[in-house]
Amino acid sequence: METRRLSGPEQELIRESWQKVNSNPLQHGMILFTRLFDLEPDLLPLFQYNCRQFSSPQDCLSSPEFLDHIRKVMLVIDAAVTHVENLSSLEEYLSNLGKKHKAVGVKLSSFSTVGESLLYMLEQCLGPSFNVAMREAWTQLYGAVVGAMSRGWDGE
């Protein structure tokens, strides 16, 4: 997916909206992953800790190890927001993250569901202030992040 560079106003929309969401990253990350498991329940078996298979999304979402994973995902989003004006500085990091996801069996196609879940979480957290311009800015940012991560799939 080819993404264009985000404009100054788009970068500002992303920063402002993220500031509100990032006030409680774990709670908002729970919204993202609850939605993800609703949309793509087949992802649940990919999350195993100490060879423990989760019986339900709720079981997974309440495990300390998974809560740690949520925190890490929110930190990746935070890094993308922090470097929104120069995403290429995250290229190697995101590519390596892509390799790790591929190694545990994540399919590249699942990232579109993650993107839908991210937009859903932002909409839930921001309410009416999450407008069309903000949605487009976040879609562009997420597309750039997934583009860099997908290079980890190809780079073997």
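Residues numbered from 1 in each chain as written. Predicted model: local features only at pLDDT ≥ 70, side-chain atom pairs only at ≥ 80, totals over all residues. Heavy atoms only, no water.

Where an unreviewed UniProt entry is consulted, the protein appears under the name Neuroglobin, with the organism given as Vombatus ursinus. According to its UniProt record, the protein has this under Sequence similarities (unreviewed entry): "Belongs to the globin family." One UniProt comment on the protein, placed under Catalytic activity (unreviewed entry), says "Fe(III)-heme b-[protein] + nitric oxide + H2O = Fe(II)-heme b-[protein] + nitrite + 2 H(+)". (UniProt positions renumbered as here; feature names shortened; annotations may be inferred.)

(A) Here's a closer look at the overall build of the protein. Broken down by element type, the protein carries seven helices and two strands. Going from N to C terminus, the protein has its helices and strands arranged as α-α-β-β-α-α-α-α-α. Taken over the C-alpha atoms alone, the protein extends approximately 45 × 40 × 20 Å along its principal axes. Split into buried and exposed, the 156 residues of the protein put 44% on the buried side. Residue pairs in contact within the protein that sit at least 24 positions apart in sequence constitute 70% of those at least 6 positions apart. Accessible surface, the protein as shown: approximately 8500 Å² in total, 54% of it carbon and sulfur. Looking at the protein, you have 14 positive and 19 negative side-chain charges, and the mean spots of the two groups are 2 Å apart. (Helix = DSSP H or I, 4+ residues; strand = E, 2+ residues; numbered from the N terminus. Buried < 20%, exposed > 50% of the residue type's maximum accessible area, 1.4 Å probe, protein only. Contact = heavy atoms within 4.5 Å. Areas by Shrake-Rupley, 256 points an atom, 1.4 Å probe, with all protein chains shown as cover. Lys, Arg positive; Asp, Glu negative; His and termini not counted. Charge placed at Lys NZ, Arg CZ, Asp CG, Glu CD.)

(B) Focus on the packing of helix 5 (residues 91-103) against helix 7 (residues 132-154). Two numbers describe how helix 5 lies on helix 7: the axes approach to 6 Å, and their chain directions differ by 60°. The orientation of helix 5 with respect to helix 7, classified from their angle, is oblique. As helix 5 packs across helix 7, the resulting crossing turns out to be right-handed. Contacts from E91, L94, S95, L97, G98, K99, H101 and K102 of helix 5 reach helix 7 at V145, A148, M149, R151, G152 and W153. (Axes fitted to C-alpha atoms, helices over the stretch in contact; angles between N-to-C directions. Parallel < 35°, antiparallel > 145°, perpendicular 65-115°, else oblique. Left-handed = near helix turned anticlockwise from the far one by under 90°.)

(C) Spotlight on helix 4 (residues 64-82). Between its terminal C-alpha atoms helix 4 stretches 27 Å, which fits the 27 Å expected from 19 residues at 1.5 Å a residue. Those residues of helix 4 that sit buried are F66, L67, I70, M74, V76, I77, A79, A80 and V81. (Expected span 1.5 Å × (residues − 1).)

(D) A look at the environment of Q19. Secondary-structure assignment places Q19 in helix 1 (residues 8-21). Spatially, the C-alpha atoms of Q19 and V81 are 9.5 Å apart, while their sequence positions differ by 62 residues.

(E) View of the environment of K102. Among the secondary structure elements, K102 is positioned in helix 5. Taking C-alpha positions, K102 is 10.0 Å from D154, a pair spaced 52 residues apart along the chain.

(F) Structural context of the packing of helix 1 against helix 6 (residues 110-126). At their nearest, the axes of helix 1 and helix 6 sit 10 Å apart, and the two run at 75° to each other. With respect to helix 6, the axis of helix 1 lies roughly perpendicular. Residues S17, W18, K20 and V21 of helix 1 form the contact with helix 6, whose participating residues are M121, L122, C125 and L126.

(G) Summary view of the pattern of salt bridges. Within the structure shown, the criterion is met by five salt bridges. A salt bridge links E123 to R135, with the nearest nitrogen and oxygen atoms 3.3 Å apart. On the criterion of sequence distance, the pair formed by E123 in helix 6 and R135 in helix 7 is long-range, its members being 12 residues apart. On the basis of relative accessibility, which here comes to 35%, the residue E123 falls in the partly exposed class. A network of salt bridges, in which partner residues are shared, links E12, R15 and E85. (Salt bridge = Lys/Arg side-chain N within 4 Å of Asp/Glu carboxyl O.)

(H) Structural view of the nonpolar core. If you look at the biggest cluster of nonpolar residues, it comprises 47 residues, and the most contacted ones within it are L122, W138 and L141. Within the residue set of this core, elements represented by two or more residues are helix 1, helix 2 (25-39), helix 3 (57-61), helix 4, helix 5, helix 6 and helix 7. For this core, the leading source of residues is helix 7, giving 11 residues. In this structure L141 touches L6, I14, A80, V81, V84 and L87, once residues within four positions along its chain are discounted. (Core = buried A, V, L, I, M, F, W, Y, C linked by side-chain atoms within 4.5 Å.)

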